[in-house]
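Architecture at a glance
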Amino acid sequence: MHVLPLRMECGETHGLPLHDGAAAELADLWLTEPDDGVRGRLQSLLCREPTLVVWAACRFRLASGRPVAGLSDLAHWLDAMRSRVWESSPDPELAGWIPADDRTIGAWSEQAALSVAVADLASARAAEAMRDRARLVGLFFGSDAWRPPSGSERGHGAERLGGWAAWALETGPNDIRSNGHDLVGLVEGAARDCEADRRTVLESPGAKRIQAAWRGSTRDWLRGLDRIARMARRLEQWEERFTESVEREKLEAIKEFAYGAGHEINNPLANIATRAQALLRDEHDPERRRKLATINSQAFRAHEMIADVMLFARPPLIEPRHVSAHSLVDGVLKELVAVAAIQETRLVRVGTDADFEIAADPRQLAVALKSLCVNALEAVGTGGWVEVDARSAWSAGSEADDAGSDADGDAGSGPVRGGLEGPSNARRSPACDTIVVRDNGPGIPDWIRPRVFDPYFSGREAGRGLGLGLTKCWRIVTLHGGRMRVDRPESGASIAIEIPAIPRQGAGPERDQGLATAADLY
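First, a word on scope: everything that follows refers to the structure included in this document. These numbers come from a predicted model, not from an experiment.

**Notes on the overall build of the chain**
- On a plain count of helices and strands, the chain comes out with 18 helices and 9 strands.
- Scored against the burial criterion, the 522 residues of the chain give a buried share of 49%.
- Excluding contacts between residues fewer than 6 apart, the proportion of contacts in the chain whose partners are at least 24 apart in sequence is 77%.
- Summed over all atoms, the accessible surface of the chain reaches about 24,900 Å², with 52% contributed by carbon and sulfur.

Here it is in structure tokens:
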């Protein structure tokens, strides 16, 4: 038998039992490479392990400060958190909080089978949109059975939903019935029906398998999950450190290349451009003038590429100030409106957030945002649309409001770590202002996503773009302490800039009124 340690905010420590088979499957999932299959296996495991559900839902509430929405939400979070969700307790008495004798394990096995039966019945009776939530609430039926015995008889029916459900899931009347769905009443009804036919329920094949799994566990408390979680976490940290080391070496290599290229290539380029301009001045033949002009423009194009590498390798120091987010976005869009008009693409700022201030260097952040917009315009081609949405970290419904769910690490399928976005930049700030650039172009194929921020990498054919637009954008954003996020919309592409938000209490520096345009850096 394994123990799941849970330390509440008040300092009270609980231990929830987990039979050996479930512990082995959970450990296997912790050590499995992340993929979509893990989340499905986690949800399947949760559906038949009430103690794991109670423990995970309480850990979710402690980490995020909000109730978990359903089993799929909980599986999603556990998949993202992996071993980081583990909370080892130093209390030596926790390992023996209840004697694991045959009678106790027998009671646990029956309660686990009943909880699963209640969850199945409640889910079957619920409306389709509420089935996941109903199953989650149903699995909390009898959750008081997992607490240390207090000497009093445990209740039945509604009483056995337990105080943990009211706290972890917010299953009070005002929380559930206000949405028009009486989930508590639904679960109570399912519980009464299962209790009334208890013998038949416990004799079903599914219930027998659950009881056999519990009764087949060892009678001694094991701390194997604790050791496995620590080992898995160490592996994650080693991978993070390795990625960070590779990232640093990549930057150093680019710096060395940039310094050498700046000296060895820029001098010949300057000579070529000067000679081409001198010959062009005295040339009257139209065809020769065209060729000389091409030589001159290509020399300058090569110079721009070297300048971009230099900017990436040794960027200027940022000078952050409080800047109007809407003014920053509008300034960039104003520069690109002519390009969008030529290709008949709708380029607009969207969103319902009121204007807010961000802490950023307006010149450099404008360059980053312009790079994203240019990339989106080139991807869309002719027609279509490109939208820019500036979201305050403190607005209602913003992603920062949900940041608690990522308190111990990234959650969700939105962010894609890859290319130059390593773990050192992948940890979300507790509160970030966000500028999202979306388009309805062809999207970003999965094989490109890991390299989207790599220098000179482009999924398009050779010759289109300088190959450093997104890299330059990534560099500027990380200098601000932020990060880039590549989402997975149903169609098109969506890339976000996240900048740590300004605390909204107290007065800050005056808003910058004289915003420089992105063109000022070129």
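Next comes the rest of the account.
**A short note on the sheet that holds strand β7 (residues 432-439)**
- One open sheet holds the 5 strands; their spatial order is β4-β6-β7-β9-β8, and the pairing between them is mixed. Looking at which strands have only one partner, the edges of the open sheet turn out to be β4 (346-350) and β8 (483-486). Mean inter-strand twist for the sheet, computed between neighbouring axes without regard to direction, equals 15°.
- One ladder, built from 4 bridges, connects β8 with strand β9 (residues 493-500); its direction is antiparallel. In the sheet register, Arg485 faces β9, and the bridge partner there is Ala496.
- Most of the contacts of helix α15 (residues 325-342) go to β4, to which it runs at about 170°, and overall it touches β4, β6 (385-391) and β7.

**Focus: helix α13 (residues 266-282)**
- The end-to-end C-alpha separation of α13 is 25 Å, in line with the 24 Å expected for 17 residues at 1.5 Å each.
- Buried within α13 we find Asn266, Leu269, Ala273, Ala276 and Leu280. What you see down the axis of α13 is that its buried residues fit within an arc of 90°, all on one side. Pointing more than 90 degrees away from the buried face of α13 are the exposed residues Thr274, Arg275, Leu279, Arg281 and Asp282.

**Topic: helix α4 (residues 71-81)**
- With 8 of 11 residues buried, α4 lies mostly within the body of the structure.
- Residues of α4 that are buried: Leu71, Leu74, Ala75, Trp77, Leu78, Asp79, Ala80 and Met81.
- Once α4 ends, the next one or two residues include Arg82, with phi positive near 50°.

**A word on the pairing of β6**
- Where burial is concerned, most of β6 is hidden: 5 out of the 7 residues are buried.
- Both β4 and β6 contribute to a ladder of 5 bridges, which runs parallel. What sits directly across from Val348, in β6, is Glu387.
- When β6 meets β7, the two strands line up antiparallel, connected through 6 bridges. Residue pairing across strands places Ala390 opposite Ile435, the latter belonging to β7.

**Regarding the pattern of salt bridges**
- Applying the stated criterion across every chain, the model contains 19 salt bridges.
- Here Glu387 makes a salt bridge to Arg438, at a shortest N to O gap of 3.7 Å. Residue Glu387 is located in strand β6, and its partner Arg438 is located in strand β7; the two are separated by 51 residues in the primary sequence.
- According to the relative accessible area criterion, Glu387 is buried, its value standing at 14%.

Rules of the game
- Residues numbered from 1 in each chain as written.
- Predicted model: local features only at pLDDT ≥ 70, side-chain atom pairs only at ≥ 80, totals over all residues.
- Heavy atoms only, no water.
- Helix = DSSP H or I, 4+ residues; strand = E, 2+ residues; numbered from the N terminus.
- Buried < 20%, exposed > 50% of the residue type's maximum accessible area, 1.4 Å probe, protein only.
- Contact = heavy atoms within 4.5 Å.
- Areas by Shrake-Rupley, 256 points an atom, 1.4 Å probe, with all protein chains shown as cover.
- Pairing = 2+ DSSP bridges.
- Axes fitted to C-alpha atoms, helices over the stretch in contact; angles between N-to-C directions.
- Expected span 1.5 Å × (residues − 1).
- Arc of directions from axis to C-beta.
- Salt bridge = Lys/Arg side-chain N within 4 Å of Asp/Glu carboxyl O.

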